[in-house]
Structure formats: structure tokens, C-alpha cells
Amino acid sequence: MSTPTPRLEIRNITRRFGGRAVVDDVSLTVMPGQVTCLLGPSGCGKSTTLRIIAGVDMQDQGEIYIDGKLICDTVFRIPPERREVGLMFQDFALFPHLSVAENVAFGLNGPKEKKRARVQELLARVELARFIDDYPHELSGGEQQRVALARALAPRPRIMLMDEPFSGLDNRLRDEIRDETLSVLKDEGTAVLLVTHEPDEAMRMADEIALMRAGRIVQQGAPYNLYNAPIDRAAAAFFSDINVIKGKVQNLLTDTPFGQFLTPAMPDGAEVDIIIRPQHVKIDFDRNGRGPNPTPDDGVPARAVVERARFMGSESLVEFRMEFDGSVLKATVPAVFLPKPGTPMWLMIRRDRCFVFPAPGQERAA
Ligand SMILES: Nc1ncnc2c1ncn2[C@@H]1O[C@H](COP(=O)(O)OP(=O)(O)OP(=O)(O)O)[C@@H](O)[C@H]1O
């Protein structure tokens with residue numbers, strides 16, 4: 001069986017500014033109809049990667065292919081306007097002096113009736129048909145964003161490049177527009193490369209996430225895999241708060257107050273961090289100084305006192321001071337649960353949800 005051709009493939013892209021590689025040997029593919037998110041902190045090189053694909057910046061090394069055809073390497077270069085790539089940025093800047101219909105039709109060629117039909121089709125799809133003859137200033141921010149989406153999609157781009165397109169919208173509107181945008185893009189079968197620094201946005205939108213750090217892609221895969229099998233401590237911490245339990249390897253095992261962990265590939269004496277997300281910490285009440293019985297899944301309970309508890313809306317966040325070393329661990333509870341500071345409790349950690357990594361500075365020991 002032949003493997004399908006990616007809609008977009010970039011191979012070993014490097015871009016240097018002043019000798020510094022801000023994009024460093026980046027490769028990725030996006031299949032037709034797929035949304036891939038380039039996710040990473042500010043300054044890690046996401047936008048530069050996107051600009052290179054759009055053709056408004058030029059790589060120092062590497063190649064770009066669309067539907068298997070070379071569109072750019074370091075010698076050969078198809079100009080931006082012939083790449084059939086749509087662009088959508090945070091500052092989507094509709095033309096204020098053009099009507100909604102004229103904005104959407106802006107990049108279209110061909111007979112007037114055909115253009116009008118495509119504009120009508122797209123405006124219906126983004127549920128803005130009634131605004132067709134209005135001007136941008138007569139529309140809300142969310143409506144303007146949908147016009148920008150219709151405009152970018154009008155010439156039927158093979159690939160849509162989106163750079164933080166939703167960050168100018170307020171929270172509630174943003175979720176709605178994201179979902180709507182996603183369904184329009186899926187209907188059109190466009191391949192999407194979306195740049196964002198927000199893990200929630202990436203998880204909500206992406207079929208695949210490429211996690212970027214300091215110019216490199218450090219991990220790539222389905223959102224579920226990145227969340228549940230992060231490649232290192234920083235990747236784990238990028239998606240949520242984390243708790244760190246420290247330990248030292250002895251005979252391929254690491255002893256902690258929460259029980260023993262298998263640490264097979266690590267030498268004796270190596271320091272390890274056992275990472276657990278607050279939502280995978282279980283809590284139980286103190287029964288006259290005793291906790292729950294250990295279970296195979298949850299391991300050994302450890303005693304703590306409540307440091308503080310905060311109501312977060314759909315959940316509560318409780319911080320505990322651990323009796324064994326005075327460290328603070330956090331647990332999220334999916335309900336209103338606000339125990340008083342000083343209340344003794346017991347914590348267990350879901351062993352199947354723990355990640356074990358060499359402690360910082362010990363990476364080479366692993
Ligand atoms: N034309 C340029 N000349 C020099 N340095 C640049 C240029 N463009 C980008 N950089 C630098 O390259 C690095 C990566 O920038 P880039 O905009 O790609 O990051 P980003 O991940 O998109 O960040 P953000 O989310 O803040 O936009 C930054 O340190 C930036 O200062």
C-alpha cells in the first residue's frame with residue numbers, strides 16, 4: 001500500500017539570524033484535512049517557520065514540498081502568491097473601505113457571477129450571509145474574524161497558515177469561533193498549520209501537535225500522546241501545573257514516600273523526578289492519624305496538611321504541605337472542596353499517570 005502524499009512537508013528547515021539558529025532543523029508534515037499545531041513558548045521560532053512556508057522569509061537550509069512538489073529550497077523558490085497558501089493572523093485587518101462581500105472576494109479571479117457565488121457560499125458557511133453588504137466597522141470582533149476566515153478560504157488554498165488567529169478575541173467568543181473555524185476548515189478539506197503558544201488551544205484544535213522549544217521540534221504526536229507521554233519534564237509542564245517528587249535510584253528502583261517506582265534504565269545514585277499532574281493526585285481523609293490502605297494503582301498514601309484551597313469554577317485546587325519533606329503538592333478536585341488550612345489529609349498518586357525523568361542536570365546519567 002502506498003503512503004498518502006502529505007499536503008505540506010517541510011524538511012530540515014533552518015533559519016539563522018545573526019548566527020543564531022532561531023529555526024533549527026525543523027521537519028514536519030501536514031496531511032490534507034488535518035490540523036497540525038506548532039506549539040511553543042514565545043520566541044521559540046514558530047512564526048518564523050510559518051513565514052518561511054508562506055514564502056515571505058527564506059530558509060538558510062531545507063526544503064518545502066506541497067503535494068509532493070518542491071516549492072522552495074535554497075536555490076529554487078516559487079513566489080508566495082503562487083503557493084496556494086492562505087494566511088490568517090491575529091491582526092487580520094479587513095479592508096475598512098470595502099464591504100464584507102468585497103473583502104471576501106478580494107483574492108478571487110474570474111467572472112463576476114462565479115466570484116459572487118463563492119462569496120455567498122462562504123458567508124453562508126460562516127453564518128454571516130446577512131452582512132454581505134455591510135462594512136467591517138459594523139461587525140463585532142468575532143464577526144470580523146469570521147469574514148477574515150471566509151476571505152482566506154475564498155481562493156480554495158491548499159494549505160491554511162494561521163498565526164495566533166484567535167488571541168485578539170475575548171475568552172467566551174474565542175471558544176465559539178475556534179470550534180466554528182475548525183468545522184469550516186474540515187468541511188473545506190484544507191490542511192492547516194496553526195501557530196499558538198496556548199496548550200489549551202492546541203489540544204482543542206489539533207489532530208497533531210508539534211511541540212517546539214528553542215528552534216527545534218522536541219516532540220510531535222496526537223494531543224493525547226503529548227499530554228500523557230511527555231518527552232521530558234518541560235514538555236509535561238507545558239500542558240499543566242505539575243508536582244515533582246524527588247528520589248534516588250537504588251537497584252533499578254526509586255523509593256519515595258508514595259511507594260517504589262521502577263527506574264530500569266538509570267544507574268544507582270541517579271536523582272530522578274517523579275512528575276504527577278494535580279488532577280491525578282487523589283486525596284483521602286485522616287482517620288485518627290491513619291490513612292487509606294495502599295492499593296496497587298494508587299500505591300502508598302502520604303500524610304499532609306492543607307496549606308490552602310481555592311475554588312476555580314468547575315474544580316477546586318488544594319495545596320498540601322507534605323509531612324515527609326515539607327514540600328508543597330497540589331491536587332485538583334472536580335467539585336467544590338475547600339478544606340480549612342491545617343486539616344490533615346492523605347495523598348496518593350495515580351501510578352499509571354506518573355512520569356519519571358532524570359532530575360535536571362542528571363539527564364546524561366540516564
Ligand atoms: N528578522 C529578524 N531578525 C532578527 N531576529 C529575528 C527576526 N525575526 C525573528 N527573530 C528572532 O527569532 C526568534 C524567534 O521569533 P519568532 O517570531 O519566530 O518566535 P515565535 O515562537 O513565533 O514567538 P511569538 O509567539 O512571540 O511570536 C526571536 O528571538 C526573534 O527575536
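Residues numbered from 1 in each chain as written. Predicted model: local features only at pLDDT ≥ 70, side-chain atom pairs only at ≥ 80, totals over all residues.

Caption draft 1: Fine view of the overall build of the protein. Regarding its fold elements, the protein presents 8 helices and 20 strands. Once the C-alpha set of the protein is aligned to its principal axes, its extents read approximately 80 × 45 × 45 Å. Out of the 366 residues belonging to the protein, those deemed buried represent 33%. Pairs at least 24 residues apart make up 64% of the contacts formed inside the protein by residues separated by at least 6 positions. (Helix = DSSP H or I, 4+ residues; strand = E, 2+ residues; numbered from the N terminus. Buried ≥ 20, exposed ≤ 12 C-beta atoms within 10 Å, placed from the backbone. Contact = placed C-beta atoms within 7 Å.)

Caption draft 2: A look at the sheet that holds strand S19 (residues 344-349). Spatially, S15-S19-S16-S17-S18 is the arrangement adopted by the 5 strands of the open sheet, whose pairing is antiparallel. The strands lining the two open edges of the sheet, one partner per strand, are strand S15 (281-285) and strand S18 (328-333). The mean inter-strand angle of the sheet, taken between neighbouring strand axes irrespective of direction, is 45 degrees. (Pairing = 2+ DSSP bridges. Axes fitted to C-alpha atoms, helices over the stretch in contact; angles between N-to-C directions.)

Caption draft 3: Main features of the domain arrangement of the protein. Entries for the protein in the domain assignment read domain 1 (8-237) and domain 2 (241-365). Relative to domain 2, the C-alpha centre of domain 1 lies at a distance of 39 Å. (Domains from an automatic or database assignment.)

Caption draft 4: Looking closely at the environment of proline 264. Within the secondary structure, proline 264 is located in the loop between strand S13 (259-262) and strand S14 (271-276). Between the alpha carbons of proline 264 and asparagine 251 there is a distance of 8.5 Å; along the sequence they are 13 residues apart.

Caption draft 5: Region of interest: unusual backbone geometry. For arginine 156, which is not glycine, the phi torsion reads 50 degrees and is therefore positive. Along the chain, the position of arginine 156 falls in the loop between helix H4 (141-153) and strand S7 (159-163). What makes arginine 156 exposed here is the crowd of 12 C-beta atoms within 10 Å. For asparagine 251, which is not a glycine, the phi torsion comes out positive at approximately 55 degrees.

Caption draft 6: A look at helix H3 (residues 112-125). Compared with an ideal rise of 1.5 Å per residue, which puts 14 residues at 20 Å, H3 spans 20 Å between its outermost C-alpha atoms and is within 8% of the ideal. By the burial criterion, the buried members of H3 are Val119, Leu122 and Leu123. Summarising the axial view, the buried residues of H3 lie within an arc of 100 degrees, below the 170-degree limit, and thus occupy one face. Along H3, the residues that are exposed and aim more than 90 degrees away from the buried face are Glu113, Lys114 and Ala117. (Expected span 1.5 Å × (residues − 1). Arc of directions from axis to C-beta.)

Caption draft 7: Region of the structure containing the environment of glycine 269. Inspection of the secondary structure assignment puts glycine 269 in the loop between S13 and S14. C-beta crowding within 10 Å serves as the criterion here: with 10 such atoms nearby, glycine 269 is assigned to the exposed category. The residues contacting glycine 269, other than those within four sequence positions of it, are Lys248 and Val249.

Caption draft 8: How the structure looks around the sheet that holds strand S9 (residues 208-213). If you walk across this open sheet you meet the 6 strands as S6-S7-S8-S3-S9-S10, and the pairing is mixed. One side of each edge strand has no neighbouring strand; the edge strands of this open sheet are strand S6 (85-89) and strand S10 (216-221). Adjacent strand axes in the sheet meet at a mean angle of 20 degrees, parallel and antiparallel pairs treated alike. Two strands pair when backbone bridges link them, and strand S3 (residues 35-39) and strand S8 (residues 191-196) are joined in this way by 5 bridges, in the parallel orientation. By the bridge assignment for S8, valine 35 is matched with valine 192.

Caption draft 9: Structural context of the environment of isoleucine 283. Here isoleucine 283 shows up in strand S15. Separated by 161 residues in sequence, isoleucine 283 and leucine 122 have C-alpha atoms that sit 51 Å apart. If we ignore the near neighbours within four places in the chain, the residues touching isoleucine 283 are Ala331, Met345, Trp346 and Leu347.

Caption draft 10: Inspection of the site of the ligand at higher detail. Near the ligand the following residues occur: Phe17, Val22, Gly40, Ser42, Gly43, Cys44, Gly45, Lys46, Ser47, Thr48 and His197. Element by element, the count of residues in the shell around the ligand is highest for helix H1 (residues 46-54), at 3 residues. Residue classes in the shell around the ligand are distributed as 3 nonpolar, 7 polar and 1 charged. (Near = placed C-beta within 6 Å. Nonpolar A, V, L, I, M, F, W, Y, C, P; charged D, E, K, R; others polar.)

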